[in-house]
Amino acid sequence: MPTFNLKVNNEKHTVEADADTPLLWVLRDKINLVGTKFGCGIGQCGACTVHVDGNATRSCLLKISQAEGANITTIEGLSEYGDHPVQQAWKEVDVPQCGYCQAGQIMTASAFLKTNPSPSQTEIRDAMHGNICRCAAYNSIEEAVKVASEKLS
Amino acid sequence: MAPSKKMTFSRRSFLKSSALASGGMIIGFNLFNACKPEAKLPVDLSALNYNDFNAFIKISEEGKVTIFSPNPEIGQGVKTSMPMIIAEELDVLWEDVYVVQAPLDTKNYTRQVAGGSQSIRFGWEPLRQTGATAKQMLVNAAAARWGVDASECSAKNGVITNAKGDKLGYGDVVLEAAGLEVPEDVTLKDPKDFTIIGQGKGNVDIDKIITGKPLYGLDYKEEGMLYATVLRPPAFGQILESFDDSEARALPGVVDVITIGEKVRAYNDSGKNSWTMPMSGTDKVVVIGKTTWDAMKGKKAIKAVWKTETALESSEIHDKVLLDLLEGNKFNTRRQDGNVKQAFANADKVLERVYESPFLPHNCMEPMNFFANVSPEKVRLVGPVQTPEAAAQVVADLLERDLEDVSIDMTRMGGGFGRRLYGDFVYEAAEISNAIQKPIKLVSSREDDMTMGVYRPSSKYKISASIKSGKITGYHLKEASINGNMYGLIPNFFPAGAIENYQVDTANYKSNITTGAWRAPYTNFLASAEQSFFDELAEELGVDRVQMHMDLLDNVKNNPDANIEYSPERLQGVLQLAIEKSNWGKTEVGVFQGLSVYYCHNTHVAEVADITMEDGVPSVKRVTCAVDCGIVVNPFGAMNQIKGGVLDGIGHAMYADFGFVDGVPKSNNFDSYQMIRMGQTPQVDVHFIESDIDPTGLGEPTLPPIGAAVANAIYAATGNRINKQPLINNLEPKEKVLG
Ligand code: FES
Ligand code: FES
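Note that the coordinates shown come from a computational prediction; the quantities given were computed from them, not determined experimentally.

## Re the packing of aromatic side chains
Residue and element names in this part refer to chain B.
Move 1: If you walk through the whole model with that rule in mind, you get 23 aromatic pairs over all chains.
Move 2: Pairing F493 with Y599 gives two aromatic rings, centres 5.1 Å apart and planes at 90°, and the pair type is edge-to-face. Taken together, the positions of F493 in the loop between β23 (471-482) and β24 (501-509) and Y599 in strand β25 (residues 592-600) put the pair 106 residues apart, joining distant regions of the chain.
Move 3: Put simply, the rings of Y475, F493, F494, Y502, F533, F534, Y566, Y598 and Y599 touch in pairs and so form one group of aromatic residues.
Move 4: Here the guanidinium or amino end of R456 rests over the ring plane of W518, the centre of that ring lying 6.0 Å away.

Shown next as structure tokens:
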């Protein structure tokens, strides 16, 4: 089996895996970072969203061979003390229901707010449209993105 | 001081306290014994065993309080709200309370099940009793130390004060308190004095959720654990004939390939059964891999040959069969008041409509999974299941082990919606680990999850009403569904009692497709059907739909009926509140409203949907939701549940299209099955009826009515009645039939 060098949350990892292994499963099963969630495996739900060089990326679709050399950030590495403005907003609004989708929602929102720190409501709704929340906590997610944007601007 | 409630409970069987070796005291109590005897459960829980205790409170010598929350957390917030109730009566600062999920312990817990929105309803009184009893014991201990009468002491925020103003913390007296007799009656707070209940308290797991800490079943790991994927027949009605695993075995990450099914067959053949066991025990191929991906890849490499054993059913056939059933005479009568037949014979007019709904998968965000480690010594199970007690019993029977050998630890669940009431994935995991005697985690892909369902059954309703001299004289509801749907007490929901001649009949078609409870079982589509019908009925009568409901509910008030489940006053209350808050009838140009009012799961709800039409497609802009759930324990959690229920209801009523072609599910992932997304969601405005009545659940009751509110709004906008879900697929006009 080939080996790959990954940089995740500013730490280097050498991982042995098939070249076609999605980054999602490398993170979860090999590097023990289980905050990134599996929801669909086909890029439809956003539960597996991580940042690859700062861009929100579906880790279920990214093969490990494509992830070498990139700066990967997962929910565990978004902030040192869990106090990224988006995380704070999520806590203030008490967003989660079952909570399973929320890591993906937070990663999508944080990458989005970096490019657009004071978005309109429509822009928020468009940006978050790719992330499914089965519990339908959408009103709270929308509000929390707004709250986070106020913290950032 | 406000008047308080004095309660006497048979405490001997219900509460027990003792000192802890590690310091501090522990109080255990029995939830189920303390539950009201007339309590009705929405699912058959008779298979479950109830033993001694339920929840525990631990108070340390430092005064810190740990509450072991007994009920599985599926996102409905009980891990926060149940401890809030205890903390309220115990009178401690919420900040000093630490909540942990208790493991399954059939000796120490009861009704450890999440389902039917019942956790809070059943827990309310006993949780308060427990907190109040603990507080009284601490006060008694302090009074004894001071040599004063307990009635001269009071406690607040974890501190006991006597008449002289001396103070002792709870932690200072726990050791003495633990040795005291459990008081027979205690005083409960007046709801006006609540300081924790009614205050929004955030999710107790919030920090772990937002930082991605392991919490869910899929996150659970143990040293040496392998991953198992299961290849099941692609179609309902098919079984395994043969398979070739040579390619799979050649993969470096594949450890083993086995088959399972034998244990379940033996279990079924032995005459044992559990409602949590939906499967028949057909052979399945299991691939064991070193990682999830290895196991998933291995499964794809299996070449299996399937053969047809029973009918391969299609939704098209189901549609026909159910419509035939509605026209036939194979009904069970569930309730009969007066004489519907005669009312219809004497009517000036009869309105008759058919309403249709598809099967639905649950699609929990976290796909089904479970950890099992079966060894000669014990059977360890860890994961997300809504019915851990039943699951432990079935696994013991399945593997022919003593129940004492079986332990289940519960993880947080990435959604339940009824799917995790069934333990099929637990039983598969146990059988796999038993076969290889190694720790494994059963994992499902989304495709597995959507196609191994225990689906909401497809149902159709035919509703007829007779009109005589401008009055509704008769109401006849007929249900035809796959494998049966309607539950015993539902015929007593509104409009039972409001119409003199009233009848509910059900018929079903036995299918090999597994069906079961889905969020708000039985009513999730019934409410849409009935409340769409009433909208049309009001129009037919030429009366205002709000007034029609008020009048029908007045009928019930004037002729009380002991056999109804709802309160006409409370239903009128939510209706009026929703009308007021939604600006009913006073919308801007281009905005259309629909109303729906419904009672289910012990909670009364009225909803108004505001929609606009964009290029002929309805878009829900706002929902006003009025709720009477008694006392609101945790407004944060309540809001989440209510809004989630409404949006989930809109999503499924509008978009959810599921069914079968020759036994094969039509969709298997989110590319072919539409889930509601943010861009399709309205703002939900929630309004509570202020109440000091005991609380009822919120996980389900706001979902059923919304389908009708949206359909009625679409009618207001387009003049088209859509009686078939998903609404979006059926936007074309329907012919009006009036008999
Ligand atoms: S798991 Fe990657 S998008 Fe759903
Ligand atoms: S909170 Fe449950 S899926 Fe989003």
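## As for helix α14 (residues 523-541) of chain B
Move 1: Its 19 residues give α14 of chain B an end-to-end C-alpha distance of 26 Å, which sits within 8% of 27 Å, the value for a rise of 1.5 Å per residue.
Move 2: Phi turns positive, to about 70°, at G542 of chain B, one or two residues after α14 of chain B.

## Focus on unusual backbone geometry
Move 1: Here the residue pair F494 of chain B and P495 of chain B is connected by a cis peptide bond, since its omega of 10° sits within 30 degrees of zero.
Move 2: Assignment of secondary structure puts P495 of chain B in the loop between β23 and β24.
Move 3: In this structure, P726 of chain B follows Q725 of chain B across a cis peptide bond, with omega equal to 0°.
Move 4: As for its position among the elements, P726 of chain B is in the segment after α18 (703-718).
Move 5: Although it is not a glycine, N10 of chain A sits at a positive phi angle of roughly 65°.
Move 6: Among the structural elements, N10 of chain A can be located in the loop between β1 (3-8) and β2 (11-16).
Move 7: The exposure class assigned to N10 of chain A is exposed, which follows from its relative accessible area of 65%.

## Overview of the sheet that holds β23 of chain B
Note on sheets: strands pair through backbone hydrogen bonds, and any given pair is parallel or antiparallel.
Residue and element names in this part refer to chain B.
Move 1: One open sheet accounts for five strands, arranged β16-β24-β23-β22-β17; its pairing is mixed. On the outer flanks of this sheet lie β16 (332-337) and β17 (349-357), each paired with one strand and no other. Going from strand to strand, the sheet's axes swing by 10° on average, the running direction of each strand aside.
Move 2: As paired strands, β23 and β24 are joined by nine bridges and run parallel to one another. Each bridged residue has a counterpart across the sheet, and for I482 the counterpart in β24 is Y509.
Move 3: Sheet strands in contact with α14 are β17, β22 (459-468) and β23, and its direction is about 150° off that of β17.

## Re the sheet that holds strand β27 (residues 617-628) of chain B
All names here are of chain B.
Move 1: Spatially, β25-β26-β27-β30 is the arrangement adopted by the four strands of the open sheet, whose pairing is mixed. If you trace the sheet from one side to the other, it starts and ends with β25 and β30 (683-688), each paired once. Here the average twist between neighbouring strands, direction ignored, is 20°.
Move 2: Relative to β30, β27 runs parallel, the two being bridged by six bridges. Paired with V623 across the strands is V684, a residue of β30.

## Quick word on the interface of chain A and chain B
Move 1: Contact residues are listed per partner, giving 50 residues for chain A and 60 residues for chain B.
Move 2: Roughly 4,800 Å² is buried in total at the junction of chain A and chain B, and carbon and sulfur atoms are behind 57% of that figure.
Move 3: The partner of K37 of chain A in a salt bridge is D219 of chain B, with the nearest N and O atoms 2.9 Å apart.
Move 4: At the junction of chain A with chain B, the criterion picks out 38 residue pairs in polar contact (both at pLDDT 80 or more).
Move 5: Those elements giving two or more residues to the side of chain A that touches chain B turn out to be α1 (23-30), α3 (85-93), α4 (102-115), α5 (121-127) and α6 (138-152) of chain A.
Move 6: Of the residues contributing to the side of chain A that touches chain B, the split by class is 23 nonpolar, 15 polar and 12 charged.

## Let's talk about the side chain of T681 of chain B
Move 1: Along the chain, T681 of chain B falls in the loop between β29 (664-665) and β30.
Move 2: Accessibility expressed as a relative area gives 2% for T681 of chain B, which makes it buried.

## What to know about the domain arrangement of chain A
All names here are of chain A.
Move 1: Splitting chain A by domain gives domain 1 (3-78) and domain 2 (85-152).
Move 2: The centre of domain 1, based on its C-alpha atoms, is set 21 Å off from the matching centre of domain 2.
Move 3: Each partner contributes to the interface: domain 1 provides 17 residues, whereas domain 2 provides 12 residues.
Move 4: Across the domain 1 to domain 2 interface the summed buried area is about 1,200 Å²; carbon plus sulfur atoms make up 61%.
Move 5: At the boundary of domain 1 with domain 2, the tally comes to zero salt bridges.
Move 6: Where domain 1 packs against domain 2, one counts five residue pairs in polar contact (both at pLDDT 80 or more).
Move 7: Counting only elements with at least two residues in the side of domain 1 that touches domain 2, the list comes to β3 (49-52) and β4 (55-58).
Move 8: Of the residues forming the side of domain 1 that touches domain 2, the biggest block, three residues, is contributed by β3.

## Structural notes on the packing of α14 of chain B against α18 of chain B
All names here are of chain B.
Move 1: In the contact formed by α14 and α18, the axes pass within 7 Å of each other and the chain directions differ by 35°. In the crossing of α14 with α18, the sense of the turn from one axis to the other is right-handed. Across the interface between the two elements, T523, N524, A527, S528, Q531, S532, D535 and E539 of α14 pack against L703, P704, P705, G707, A708, A711, N712 and Y715 of α18.
Move 2: Taken together, the residues that form the contact of α14 with α18 break down as seven nonpolar, seven polar and two charged.

Cut-offs applied
Residues numbered from 1 in each chain as written. Chains lettered and ligands numbered in written order. Predicted model: local features only at pLDDT ≥ 70, side-chain atom pairs only at ≥ 80, totals over all residues. Heavy atoms only, no water. Phe/Tyr/Trp six-rings, centres within 6.5 Å; stacked < 30°, edge-to-face > 60°. Helix = DSSP H or I, 4+ residues; strand = E, 2+ residues; numbered from the N terminus. Lys NZ or Arg CZ within 6 Å of the ring centre and 35° of its normal. Expected span 1.5 Å × (residues − 1). Buried < 20%, exposed > 50% of the residue type's maximum accessible area, 1.4 Å probe, protein only. Pairing = 2+ DSSP bridges. Axes fitted to C-alpha atoms, helices over the stretch in contact; angles between N-to-C directions. Contact = heavy atoms within 4.5 Å. Buried area = accessible area lost by both parts, 1.4 Å probe. Salt bridge = Lys/Arg side-chain N within 4 Å of Asp/Glu carboxyl O. Polar contact = N/O pair within 3.5 Å; in protein donor to acceptor, adjacent residues only side chain to side chain. Nonpolar A, V, L, I, M, F, W, Y, C, P; charged D, E, K, R; others polar. Domains from an automatic or database assignment. Left-handed = near helix turned anticlockwise from the far one by under 90°.

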